[in-house]
Amino acid sequence: MSNKTMGLSDDLHAYLLEVGVREPEVLQRLRAETASLPEHDMQIAPEQGAFMAMLVSLLGARRCIEIGTFTGYSSTAIGLALPADATLLCCDVSTTWTQMARRYWAEAGVADRIELRIGPGVDTLDELVAQGQQGTFDFAFVDADKTGYRDYYERLLELVRSGGVLAFDNVLYGGEVLAPTSDDARAIKELNAAIAVDDRVSVVMLPIADGLTLVRKN
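Asks: How would you sum up the overall build of the protein? Please name residues and give values.
Replies: In terms of regular secondary structure, the protein is built from eight helices and seven strands. Relative to the globule expectation of 17 Å for 218 residues, the C-alpha radius of gyration of the protein, 17 Å, shows essentially globular dimensions. Here the analysis covers contacts within the protein between residues at least 6 apart in sequence; of these, 69% occur between residues at least 24 apart. If you sum the accessible surface of the protein, you get close to 10800 Å²; carbon and sulfur atoms cover 53% of it. The averaged location of the 32 negative side-chain charges in the protein is 5 Å from the averaged location of its 19 positive side-chain charges.

Asks: Account for the packing of helix α2 (residues 25-34) against helix α5 (residues 95-108), naming residues and giving values.
Replies: Following both chains from N to C, one finds α2 and α5 inclined at 160°, their axes separated by 10 Å at the closest point. Judged by the inter-axis angle, α2 sits roughly antiparallel to α5. The way α2 lies across α5 gives a crossing that is right-handed. Contacts between α2 and α5 pair V26, R29, L30, E33 and T34 from the former with M100, R103, Y104, E107 and A108 from the latter. A class-by-class count of the residues in the contact of α2 with α5 yields five nonpolar, one polar and four charged.

Asks: Which residues make up the pairing of strand β6 (residues 201-206), and what are the values?
Replies: Direction of pairing for β6 relative to strand β7 (residues 212-217): antiparallel, over a ladder of six bridges. Bridge assignment links V203 to a residue of β7, and that residue is V215. Linking β6 back to β7 in an antiparallel pair, the connection comprises five residues, with A209 at a positive phi of about 50°.

Asks: If you had to explain the pattern of salt bridges to someone new, which residues and values would you point to?
Replies: Any two side chains of opposite charge can pair, on the condition that their charged atoms come close. One pass over the full model with this rule turns up 16 salt bridges. The salt bridge partner of K146 is D143, with a shortest N-O separation of 3.2 Å. The burial state of K146 is the same as that of D143; both residues are buried. Connected via shared salt-bridge partners are R150, E154, D198 and R200.

Asks: Which residues make up the packing of aromatic side chains, and what values do they have?
Replies: All chains considered together, the criterion is met by three aromatic pairs. Between F70 and W97, the aromatic rings sit 4.9 Å apart at their centres with planes inclined by 80°, giving edge-to-face as the arrangement. Of this pair, F70 sits in the loop between β1 (63-67) and α4 (73-81) while W97 is found in helix α5, placing the two residues 27 residues apart along the sequence. Owing to a relative accessible area of 6%, F70 belongs among the buried residues under this scheme. A connected cluster of aromatic rings, assembled from ring pairs, spans Y149, Y153 and F168.

Asks: Can you explain the sheet that holds strand β5 (residues 160-169)? Please cite residues and give values.
Replies: Strand order in this open sheet of seven strands is β3-β2-β1-β4-β5-β7-β6, and the pairing throughout is mixed. Across the chains shown, the open sheet's two edge strands, defined by having one partner strand only, are β3 (114-118) and β6. Across the sheet, the mean angle separating the axes of adjacent strands is 15° when strand polarity is ignored. The sheet contact formed by strand β4 (residues 137-142) and β5 spans five bridges and is parallel. Along β5, the bridge assignment pairs F137 with V160.

Conventions we followed
- Residues numbered from 1 in each chain as written.
- Predicted model: local features only at pLDDT ≥ 70, side-chain atom pairs only at ≥ 80, totals over all residues.
- Heavy atoms only, no water.
- Helix = DSSP H or I, 4+ residues; strand = E, 2+ residues; numbered from the N terminus.
- Rg over C-alpha atoms; globule rule 2.2 N^0.38 Å.
- Contact = heavy atoms within 4.5 Å.
- Areas by Shrake-Rupley, 256 points an atom, 1.4 Å probe, with all protein chains shown as cover.
- Lys, Arg positive; Asp, Glu negative; His and termini not counted.
- Charge placed at Lys NZ, Arg CZ, Asp CG, Glu CD.
- Axes fitted to C-alpha atoms, helices over the stretch in contact; angles between N-to-C directions.
- Parallel < 35°, antiparallel > 145°, perpendicular 65-115°, else oblique.
- Left-handed = near helix turned anticlockwise from the far one by under 90°.
- Nonpolar A, V, L, I, M, F, W, Y, C, P; charged D, E, K, R; others polar.
- Pairing = 2+ DSSP bridges.
- Salt bridge = Lys/Arg side-chain N within 4 Å of Asp/Glu carboxyl O.
- Buried < 20%, exposed > 50% of the residue type's maximum accessible area, 1.4 Å probe, protein only.
- Phe/Tyr/Trp six-rings, centres within 6.5 Å; stacked < 30°, edge-to-face > 60°.

As structure tokens, this is what we get:
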């Protein structure tokens, strides 16, 4: 027993993946291909993907949005958890990385429920607000430029319905939030502090991978 979260050795993490994560074969292949990229550390952990897929399912989510798609692991995991007539809007600035994502969406059979918009995420969110889509999304996942997190947070709070959930990745930032030395780490620390006292939401921060904060809109 333990009264705090323990670190995982490589062997223990392998055991977790063996018995605690039912990773679809298409996600295994996507993870393996992404591992060959210099930026492979930008991909979420398999257990995080499985957790978010279950969360989306438990929420009964039908409209989801993702800021930061990379090669498509999180979006594919979410897409597989959605009903066939549900939608996921993905926002990214890279056509190179998302080209791989598109390929795996097709292989996973979820391409018809995913829309990709290339461009700054904040611009897409502003467009959605201007179109009157406030309160129409069930779930949002943010894993993009860290200095933009606060802007994403405020706009997504408008777009997500009451009872909907926002998920923010990298909220521990490798431990650097304790003593930030970079703009990214400072931005994460400031966001964490703001969410902690925001009475518009309830919040829990989980030590999954590099830290995952879940925010439920009141």
